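Below, each chain spelled out in residue letters.
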Amino acid sequence: MIQQLESQPEWDICIIGGGATGLGTALDAASRGLKTILFEQYDFAKGTSSKSTKLVHGGVRYLQQGNIRLVMEALKERGQLLKNAPHLVHNQQFIVPNYKWWEKPFYGIGLKIYDWMAGKLGLGPSVLLSKEETLSLVPTLDTEGLTGGVVYHDGQFDDARLAISIAQTAVQHSAVVLNYFPVTGLLKMQQKVCGVWVKDSLTGKGWEVKSKVVINATGVFTDTVMKMDDPKHESIISPSQGIHLVVDKEFLPGDTAIMVPRTDDGRVLFAVPWHNKVVLGTTDTPVKRISAEPIPFEEEINFVLTHIGRYLTKDPQRSDVKSMFAGLRPLVKGKSKKTAALARDHLVTIADSGMITITGGKWTTYRKMAEDVVNIAIEKAGLEKRNCITADMKLAGHDKPVIPAEIKSLTIGELTTFIQKSIAEEMCMTVEDFLSRRTRQLLLDAIVAMEKAPAVAAIMSKEMDKDQTWIIEQINNFNAIAKNYLPD
Ligand SMILES: Cc1cc2nc3c(=O)[nH]c(=O)nc-3n(C[C@H](O)[C@H](O)[C@H](O)COP(=O)(O)OP(=O)(O)OC[C@H]3O[C@@H](n4cnc5c(N)ncnc54)[C@H](O)[C@@H]3O)c2cc1C
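Being a predicted model, the structure only gives us computed values, none of them experimental.

Procedures and definitions
Residues numbered from 1 in each chain as written. Predicted model: local features only at pLDDT ≥ 70, side-chain atom pairs only at ≥ 80, totals over all residues. Buried ≥ 20, exposed ≤ 12 C-beta atoms within 10 Å, placed from the backbone. Helix = DSSP H or I, 4+ residues; strand = E, 2+ residues; numbered from the N terminus. Pairing = 2+ DSSP bridges. Near = placed C-beta within 6 Å. Domains from an automatic or database assignment. Contact = placed C-beta atoms within 7 Å. Nonpolar A, V, L, I, M, F, W, Y, C, P; charged D, E, K, R; others polar. Expected span 1.5 Å × (residues − 1).

Enquirer: Explain the pairing of strand β4 (residues 89-98) to me, please; I cannot follow it from the model alone.
Expert: Within β4, seven of the ten residues are buried, leaving the element largely enclosed by the surrounding structure. As judged from the ten bridges shared by β4 and strand β6 (residues 148-157), these two strands associate in the antiparallel manner. Bridge pairing in β6 places Asn91 opposite Gly155. The pairing of β4 with strand β12 (residues 257-260) spans two bridges and is parallel. Pairing of Ile95 across the sheet is with Ile258, part of β12.

Structure, rendered in structure tokens:
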């Protein structure tokens, strides 16, 4: 990748940011035959794109808000993603438990509309259930006042693994994608952006990279890059933190997830089976500070535990939390001060300098966002027009076994094989890359992840020809991050 970076005098499209949006854009552009390069300052999907609720969804909540166009678009993308990445996305059954008399008809009708909107790409009909039928699907639901439930379907996925799969597909179409390559500045000629300055943060070496178009796809960091372009730029992002707690399957045995459409403060709450554990969340907390490793607030942990406890026979306690993670939503500022009401839609802007910024949206719609921004980039830079071909494109790895999410019970031989694979084929550079995003061990059980870190570091050091100092540094860095995945 670095050799290609050095040998190409000018690129058609240069993308800053290797989350869902940037990687999707790289794939879209490269598959249209454009010379495409992408830079990610940390690891691919290290930010928000590995900390989602893991749902490929139309958004029942947006239906409640009456945002029909957004839901229709997302449902279409949901259906296509299930076909294009069957190795990472699957059909997930949800139940909305009913405790009030009006809930069954209200959610029943709403979810029928949701089915109808999905049309041929629907994942299964929504069904009204009696109390007994509801309990047979989710035996740990609190029975007091339970009158029944409504079943519906959405998609569930592994976000970080999907990001890697999109990156690999982009590379198959000749894109160059580099992780640990922060963009440190913008190249300008006559006030127009014509490339970027990048640095390899693992070696310290820097490059000047020329490109006909530069696309800023940096999520919650959008304003930082916009300020590189125009120091007087006024922020357009209003970051909002969402956290998840991970607990054992005993709290939600079986395959059905729970969806609470409205908690008493008006939020949506999920309990979803994921890789043999259960993910509980989420929250919507406005934050001022942007960090690559945001940390859940005490109030958020208490909120999730208290509210989910109201729906389960056994209330999860802090000591039951195996891992917790926080992500920052790149919400586009509106007039309202409440983040839950800000636009979840995506926004594309073109600066006077020509730099294009894409922000907002959600994981589910990454492909459509990419299509839109590349269309605009082609128009803007007068590049050769070719149609987008990603709608029916199978993603890399769809026909191969996936690296397991948990490594607890792997033998050293198996672990070595998977580490070799993720270094050779997935640009895994650090112990944290492997334990957090190539596998999902850190998000599933932080203690197991810390226990495994020394073995992973030792194997990686052999593969990458690193010394003892590197091993110690890697373990220390990993532990410093991992301790924030457990409540005190
Ligand atoms: C709690 C939570 C739950 C969510 N759940 C869902 C869900 O279930 N389903 C769904 O569809 N969506 C969900 N979303 C939304 C979805 O996760 C985001 O919309 C999506 O991940 C945003 O991707 P992105 O690429 O725009 O941003 P990011 O993932 O933040 O990627 C931006 C990247 O840019 C990089 N970057 C920044 N500055 C530079 C620089 N100078 N040089 C190089 N790289 C740089 C960053 O390191 C980062 O990796 C959720 C979001 C949150 C917060």
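Enquirer: Help me understand the site of the ligand in this model?
Expert: As a matter of local geometry, the ligand sits amid 39 residues, with Gly17, Gly19, Ser49, Gly219 and Gly242 nearest to it. Put simply, the parts of the chain that give the shell around the ligand at least two residues each are α2 (20-31) and β16 (323-332). It is β16 that contributes the most residues to the shell around the ligand, four residues altogether. In this structure, the shell around the ligand is formed jointly by two domains, domain 1 (2-48 + 161-236 + 341-381) and domain 2 (77-156 + 238-332), each of which donates at least three residues.

Enquirer: Which parts of the structure should I look at to understand the domain arrangement of the protein chain?
Expert: Quite often, the size of an interface is put as the accessible area lost when its parts meet. We note that the domain assignment places domain 1 (2-48 + 161-236 + 341-381), domain 2 (77-156 + 238-332) and domain 3 (412-485) within the protein chain. The interface is formed by six residues belonging to domain 1 together with five residues belonging to domain 3. For the side of domain 1 that touches domain 3, the residue count by class is four nonpolar, one polar and one charged.

Enquirer: Sorry, what's going on with helix α7 (residues 159-172) here?
Expert: Residues lying three or four places apart along an α-helix face the same way, a consequence of the helix completing one turn every 3.6 residues. If you check α7, its first and last C-alpha atoms are 20 Å apart, about what 14 residues at 1.5 Å a residue would give, namely 20 Å. For α7, the tally of buried residues reaches eleven of 14 residues, placing the bulk of the element in the interior. Looking at α7, one finds that the buried residues are Asp159, Ala160, Arg161, Leu162, Ala163, Ile164, Ser165, Ile166, Ala167, Thr169 and Ala170. On the buried face of α7, the contacting elements are α2, β6, β7 (176-178), α11 (412-426) and α12 (431-438). Two residues or fewer past α7, Ser174 is found with a positive phi of approximately 75°.

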